[in-house]
Amino acid sequence: MTRPTVLELRGVSKNFGPVAAVADVDLELKQGEFISFLGPSGSGKTTTLMMVAGLQAPSSGSILLNGRDLAPLPPYKRNIGVVFQHYALFPHMSVLANIAFPLEMRKLGRMQARRRAEAVLRLVGLPDLGDRLPSQLSGGQQQRVALARALAYEPPLLLMDEPLGALDKNLRAQMQIEIARLHRELGITVLYVTHDQEEALVMSDRIAVFNHGRVEQIGQPQSLYERPVTRFVAGFLGDSTFLPGKVQALQKEEAVVLTAHGPLRGHASPGVRPGEAAVVAVRPERVVLLTPGDTARENALRGRISDVIYLGQSRKFVVRLEDGSELLGLQPIGTASPAVTEGSEVLLGWSATDCNVLADSD
Amino acid sequence: MTAPWAWRWAAYALVAAISVYLVAPMAIIVVISFSDSALLTFPPPGLSLRWYRSLAETPAWRDSILVSLQVMVLTAVAATALGTAAALGLASWRGPLAATIRSLLMAPLVIPHIISGAAIFLLFDAWGWVGSLQALVLGHIALAVPYVVATVGAALETMDHRLTQAALTLGASPRIAFMRVTLPLIRPGILAGLLFAAMLSFDELIVSLFLSTPQLRTVTVLMWSNVLGDIDPEISAIATVILLVSMVLLALQWFLSRQRGVPVLQGIGR
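These figures come from a predicted structure and were not determined experimentally.

Undergrad: Describe in detail the domain arrangement of chain A, supporting the description with residues and values.
TA: Along its sequence, chain A is organised into domain 1 (5-226) and domain 2 (239-359). Inter-centroid distance (C-alpha atoms) of domain 1 of chain A to domain 2 of chain A is 39 Å.

Quick look at the structure:
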């Protein structure tokens, strides 16, 4: 199934003086797709979103909406929905007036605008609050109103800039489900900016990981998590332990890296070259305690458990390896394997396909 | 050890004493204005409205009050327009040039009025404008603009500039975004500036002294020249009138400042 492309970014860059806030971003967004920009603050994700909205102009490159170059269009002619970080509801207008505002701008009749605004308010689950002022609503309710206002005119593209950043954890989880529901029901195309990796994993069809103004990697949540191609992505999306070494051999998808702990095998990401420096990136949940004589895993290390942290659903543990470096492990509670205890000497291992060999650029 | 209630009453007494100190002179002037005596004595021997009648019957007072009101209205309107425009421009402009312009605009606040007055006088005298309405209005505008820049600037600072951006993304042109979002939100600041400008102009003496002539003078200038000659309760009657105008302006400002947050259901109100 090929869906039409809604948004296309071609080599988009933004410089603030000598600083490149966004550098050469290419991206294609399909109809109905939910894509997240994930990255630390200052990585260029919000600036990219603002360029799509038309509130900032790219230094170079072009942005196309439904095949049409947006450059000559000011923000008020782009017909894109934007939900801002702190909602940006008009404090002097009632909830209904806020939602009807974009409809009035589109020359809808007064009654028609009001009826449409009421319908959208029902859609976000606040049917009775139309006459309130934004200041009389809770943070979560204001968020829903901001969403309703941006959805009221059925824009072909919805931009959201850390919309849940100001909410507490429970409310955030609730709103994530709510936004996902609206996305599914309305089939809208969404570009969502967040620095919360869990949020990105839960909601997105695809995630673009931003770092220093560049897209480091773009892909589906699972492939991004399981097959990161750079050290930054492996470290930013979930936890990883990095074991540095030198690539000894490379066959097809598997690389052998000679580390301080002997040779380790892992899935080779693009950019890994024989003879060059590389790191083996291991996810804590892939690390298994081995019994002596267990040879099912290609990689095995010795160490001593230096710390155990109880997390409810699991135990996180830190293993001090023979060379003094540390390795993170995660053990689900209630598994058959013996529970990790502080101070014990252990043998650990993981399969070659469960870890990634990444080019060590640092 | 002193009991806590003693401290509390001591504090009340201090507040009362300061209030009396601040308000008593004005109260005395108001009382004297109703005196039936030709002398400035307190308490007045009897009460009458003769000094107010005398005010109304003296053309010089009537004319000077009219001049003051004219100058006040023109100053307030012009200073508010100019100050609001300046504050809007400065709000979206950073850098050394903007800082310099801001300092220049605010300068009349720190320059003694006597200096401003002398400088304005020298210029307008060269142009032959002294004793004209436009000279008084222009002089007052220069003094009043910084108040408007300050109040509107403060309103703009507390306003979230993303609201204007949000209006743009929702389809409002910059002009409509300004009219529907920015302007309503900074209106309290604009009105405060307007009233400040009006009060400043109506009370102003020093610059007005330089720019007035016996043919065209503000009420404060006429009061000043009367005080230098014979003093009778007429002066307290005019002082009471001025006090009344100032208090009305102040009350208006207080009332308007309580009007914030009123829902504006433009377009789809019930």
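What follows continues from the structure just given.
Undergrad: Describe the UniProt feature "transmembrane region" (unreviewed entry) in chain B, and please don't skip the residues or the numbers.
TA: Residues given the UniProt feature "transmembrane region" (unreviewed entry) here are residues 12-34, 65-91, 103-124, 136-156, 177-202 and 235-256 of chain B. Its end C-alpha atoms 32 Å apart, residues 235-256 of chain B is made of 100% helix and 0% strand.

Undergrad: Describe the sheet that holds strand 10 (residues 214-219) of chain A, and please don't skip the residues or the numbers.
TA: Note on sheets: strands pair through backbone hydrogen bonds, and any given pair is parallel or antiparallel. Residue and element names in this part refer to chain A. Spatially, the six strands line up as an open sheet ordered 6-7-8-3-9-10, and their pairing is mixed. Each end of this open sheet is capped by a strand with a single partner; those strands are strand 6 (81-83) and strand 10. For this sheet, the mean inter-axis angle between neighbouring strands, taken without regard to orientation, is 15 degrees. Judged from the five bridges that link them, strand 7 (residues 157-161) and strand 8 (residues 189-194) form a sheet pairing that is parallel. Of the residues in strand 8, the one forming a bridge with leucine 157 is threonine 189. Its contacts with the sheet put helix 4 (residues 139-151) on strand 6 and strand 7, and the angle it makes with strand 6 is roughly 170 degrees.

Undergrad: Provide a residue-level description of the pattern of salt bridges, including the pertinent values.
TA: Residue and element names in this part refer to chain A. Applying the stated criterion across every chain yields a total of 19 salt bridges over all chains. Where glutamate 118 meets arginine 114, a salt bridge forms, and the shortest distance between an N and an O atom there is 3.5 Å. With glutamate 118 and arginine 114 both in helix 3 (residues 110-123), this residue pair falls four residues apart, about one helical turn. Look at glutamate 118 and you get partly exposed, because its relative accessible area is 30%. Take arginine 114: its relative accessible area is 14%, and that puts it in the buried class. Across the pair aspartate 354 and arginine 286 runs a salt bridge, and its minimum N-O distance is 3.7 Å. Here arginine 286 lies in the loop between strand 14 (277-282) and strand 15 (288-290) and aspartate 354 lies in the loop between strand 19 (345-350) and strand 20 (355-359), a separation of 68 residues in the sequence. Relative accessible area serves as the criterion here: at 22%, aspartate 354 is assigned to the partly exposed category. Look at arginine 286 and you get partly exposed, because its relative accessible area is 30%. Ionic contacts of the salt-bridge type, sharing partners, join the residues Arg144, Glu178, Arg181 and Glu185 into one network.

Undergrad: Residues and numbers for the interface of chain A and chain B, please.
TA: Taken residue by residue, the interface counts 29 residues in chain A and 26 residues in chain B. Both faces considered, chain A and chain B share a buried interface measuring about 2,600 Å² in area, 66% of it formed by carbon and sulfur atoms. Contact with chain B buries area across many residues of chain A, yet Tyr76, His92 and Met105 of chain A alone supply 24% of it, more than any other trio. The interface formed by chain A and chain B holds one salt bridge in total. We note a salt bridge from glutamate 104 of chain A to arginine 180 of chain B, for which the minimum N-O separation is 3.4 Å. The interface formed by chain A and chain B holds four residue pairs in polar contact (both at pLDDT 80 or more) in total. When residues of the side of chain A that touches chain B are traced back to their parent elements, those giving at least two are helix 2 (95-105) and helix 3 of chain A. With seven residues, the single largest contributor to the side of chain A that touches chain B is helix 2 of chain A. Across the side of chain A that touches chain B, the residue classes break down as 19 nonpolar, four polar and six charged.

Undergrad: Any details on the environment of isoleucine 206 of chain B? Residues and values, ideally.
TA: All names here are of chain B. The topology assignment puts isoleucine 206 in helix 9 (residues 206-211). The class for isoleucine 206 is partly exposed, based on a relative accessible area of 33%. Each C-alpha atom, one on isoleucine 206 and one on serine 116, is 9.0 Å from the other, the two residues being 90 residues apart in sequence.

Undergrad: Requested: an account of the sheet that holds strand 11 (residues 241-251) of chain A, with residues and values cited.
TA: Taken together, the five strands give a closed barrel; going around it, the order is 11-12-13-20-14 (chain A), and neighbouring strands pair in mixed fashion. Mean inter-strand twist for the sheet, computed between neighbouring axes without regard to direction, equals 55 degrees.

Basis of the calculations
Residues numbered from 1 in each chain as written. Chains lettered and ligands numbered in written order. Predicted model: local features only at pLDDT ≥ 70, side-chain atom pairs only at ≥ 80, totals over all residues. Heavy atoms only, no water. Domains from an automatic or database assignment. UniProt positions renumbered as here; feature names shortened; annotations may be inferred. Helix = DSSP H or I, 4+ residues; strand = E, 2+ residues; numbered from the N terminus. Pairing = 2+ DSSP bridges. Axes fitted to C-alpha atoms, helices over the stretch in contact; angles between N-to-C directions. Contact = heavy atoms within 4.5 Å. Salt bridge = Lys/Arg side-chain N within 4 Å of Asp/Glu carboxyl O. Buried < 20%, exposed > 50% of the residue type's maximum accessible area, 1.4 Å probe, protein only. Buried area = accessible area lost by both parts, 1.4 Å probe. Polar contact = N/O pair within 3.5 Å; in protein donor to acceptor, adjacent residues only side chain to side chain. Nonpolar A, V, L, I, M, F, W, Y, C, P; charged D, E, K, R; others polar.

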